[in-house]
Amino acid sequence: MFEAIAFYLFSFLTIVMFWITVTTKHSLYALTALAAGMIFISAFFFILGADFMGVVQIIVYSGAVMALYAFGMMFFDTTRELKEKPTKTRLVPILGALAALLVVLMVIAPVVGENITAHYPIDVAIGNSQAIGMVLFTKYLVPFELAAVMLLVAMIGGIVLAGKMMDEDYSSLSEEQIDEKEGAVS
Amino acid sequence: MEITLTHYLVLSTILFSIGLIGVMRRKNLLMLFFATEILLNSVNVALVAISHYYGDFTGQMFAFFIIAIAASEVAIGLGLLVLWFKQYNTIDLDNMKSMKG
């Protein structure tokens, strides 16, 4: 009973938040709504007994990814309204419906087959985080290490791409000096 | 009134459709990134729900790796976006039609 109430409440909240993210004209509203939606998503993970995934969702998505977006948005002009030319064709809703149908088929297809057995069965005796650690560091060790290397590459790539011309301290310069520098750059 | 796997799959499909609508109608690249995050999250919900109802850890493992991939995608994508904004002063998708470089 409580599970049903929680499910419907968080479904409603998540859908509303993501809908705001997709439709709003202010990028700051979109960022905030997306962060809220991420936290509501983690509620599903807790309902489903995947405690570790819920915590990772909050830390990585609402913490790291959203902070990264917030830092990125400092570079862009986020205070003015987004001027987006709306797509004129009727194609968008049709394509959206078709894609959604395709997703339903993709999701339903393995569920229809009933003869699915668990490779790594969930043991209720040990906690979720402990069990995840045991599976992750035995069966999924190589993907785990690859993901670590990929994150390192992404971090170095992000620093190299965005970090150019950041060795100058603009806050300690006067307005004239900054104008001079900007003129020299552009 | 019990919540079954189908409930979660339908919810995941709704969220995925919202993300698809966002990808198709947004012209601002940052907003496109947000829509991509919605797509990834909806898939995560489906994977964890299947993992729970079939008593198998594989779904949670895949959701975990998807989160790692999403994090690196954001790092690289925002780096490229900042670079583009410094050079052209816009992140509108319509201004990226030429491949002049």
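This text goes with the structure placed above it.
Residues numbered from 1 in each chain as written. Chains lettered and ligands numbered in written order. Predicted model: local features only at pLDDT ≥ 70, side-chain atom pairs only at ≥ 80, totals over all residues. Heavy atoms only, no water.

Enquirer: Describe in detail the side chain of Asn41 of chain B, supporting the description with residues and values.
Expert: Within the secondary structure, Asn41 of chain B is located in helix H2 (residues 29–53). Residue contacts for Asn41 of chain B: discarding those within four places in its chain leaves Met38, Ile41, Gln57 and Tyr61 of chain A. (Helix = DSSP H or I, 4+ residues; strand = E, 2+ residues; numbered from the N terminus. Contact = heavy atoms within 4.5 Å.)

Enquirer: Run through the nonpolar core, naming residues and quoting values.
Expert: Counting 61 residues, the largest nonpolar core has Met53, Met66, Tyr69 and Phe76 of chain A together with Tyr8, Leu30 and Phe34 of chain B as its most contacted members. Residue assignment for this core shows that the elements contributing at least two residues are helix H1 (2–23), helix H2 (27–47), helix H3 (51–75), helix H5 (128–136) and helix H6 (141–162) of chain A together with helix H1 (5–25), H2 and helix H3 (58–88) of chain B. Looking at this core element by element, the count peaks at 12 residues for H3 of chain B. Excluding residues that lie within four positions of it along the chain, Leu30 of chain B makes contacts with Tyr69, Met73 and Phe76 of chain A together with Leu78, Leu81 and Ile91 of chain B. (Core = buried A, V, L, I, M, F, W, Y, C linked by side-chain atoms within 4.5 Å. Buried < 20%, exposed > 50% of the residue type's maximum accessible area, 1.4 Å probe, protein only.)

Enquirer: Break down the interface of chain B and chain A for me, with residues and values.
Expert: In this complex, chain B contributes 67 residues to the contact, which on the side of chain A involves 76 residues. Across the chain B/chain A interface, buried area totals approximately 6,800 Å², and carbon plus sulfur atoms make up 77% of it. It is Phe34, Tyr54 and Phe57 of chain B that lose the most area in chain B upon contact with chain A, and together they represent 10% of the buried surface on that side. Along the contact surface separating chain B from chain A lie 10 residue pairs in polar contact (both at pLDDT 80 or more). Those elements giving two or more residues to the side of chain B that touches chain A turn out to be H1, H2 and H3 of chain B. Top contributing element to the side of chain B that touches chain A by residue count: H3 of chain B, with 24 residues. Split into classes, the residues belonging to the side of chain B that touches chain A amount to 45 nonpolar, 14 polar and eight charged. (Buried area = accessible area lost by both parts, 1.4 Å probe. Polar contact = N/O pair within 3.5 Å; in protein donor to acceptor, adjacent residues only side chain to side chain. Nonpolar A, V, L, I, M, F, W, Y, C, P; charged D, E, K, R; others polar.)

Enquirer: Could you give an account of the packing of aromatic side chains, naming the residues involved and the relevant values?
Expert: The tally for this structure, following the rule as stated, stands at 13 aromatic pairs over all chains. Ring centres of Phe144 of chain A and Phe64 of chain B lie 6.5 Å apart, and the angle between their planes is 15°; this geometry places the pair in the stacked category. With Phe144 of chain A in helix H6 and Phe64 of chain B in helix H3, the pair connects residues from two separate chains. Since its relative accessible area comes to 23%, Phe144 of chain A is described here as partly exposed. (Phe/Tyr/Trp six-rings, centres within 6.5 Å; stacked < 30°, edge-to-face > 60°.)

Enquirer: Tell me about a nonpolar patch on the surface, residues and numbers included.
Expert: Residues Met1, Phe2, Ile5 and Tyr8 of chain A together with Met1 of chain B make up a contiguous nonpolar surface patch of about 660 Å² in total accessible area. Take Met1 of chain B: it is sitting in the segment before H1. (Patch = residues over 30% accessible without salt bridge, like charges linked within 9 Å, V, L, I, M, F, W, Y side chains within 5 Å. Areas by Shrake-Rupley, 256 points an atom, 1.4 Å probe, with all protein chains shown as cover. Salt bridge = Lys/Arg side-chain N within 4 Å of Asp/Glu carboxyl O.)

Enquirer: Residue-level account of the packing of H3 of chain A against H2 of chain B, with values.
Expert: Between H3 of chain A and H2 of chain B, the least distance of the axes is 13 Å, while the angle of their chain directions is 175°. Viewed along their axes, H3 of chain A and H2 of chain B adopt a mutual orientation that is roughly antiparallel. Counted together, Met53, Gln57, Tyr61, Val65, Tyr69 and Met73 of chain A of H3 of chain A and Leu30, Phe33, Phe34, Glu37, Leu40, Asn41, Asn44 and Val48 of chain B of H2 of chain B form the full contact between these two elements. Residue composition of the contact of H3 of chain A with H2 of chain B, by class: 10 nonpolar, three polar and one charged. (Axes fitted to C-alpha atoms, helices over the stretch in contact; angles between N-to-C directions. Parallel < 35°, antiparallel > 145°, perpendicular 65-115°, else oblique.)

Enquirer: Could you give me a rundown of H3 of chain B, with the residues and numbers involved?
Expert: Between the first and last C-alpha of H3 of chain B there are 44 Å, a value that for 31 residues agrees with the 45 Å anticipated at 1.5 Å per step. Asn89 of chain B sits one or two positions beyond H3 of chain B and adopts a positive phi of about 65°. (Expected span 1.5 Å × (residues − 1).)

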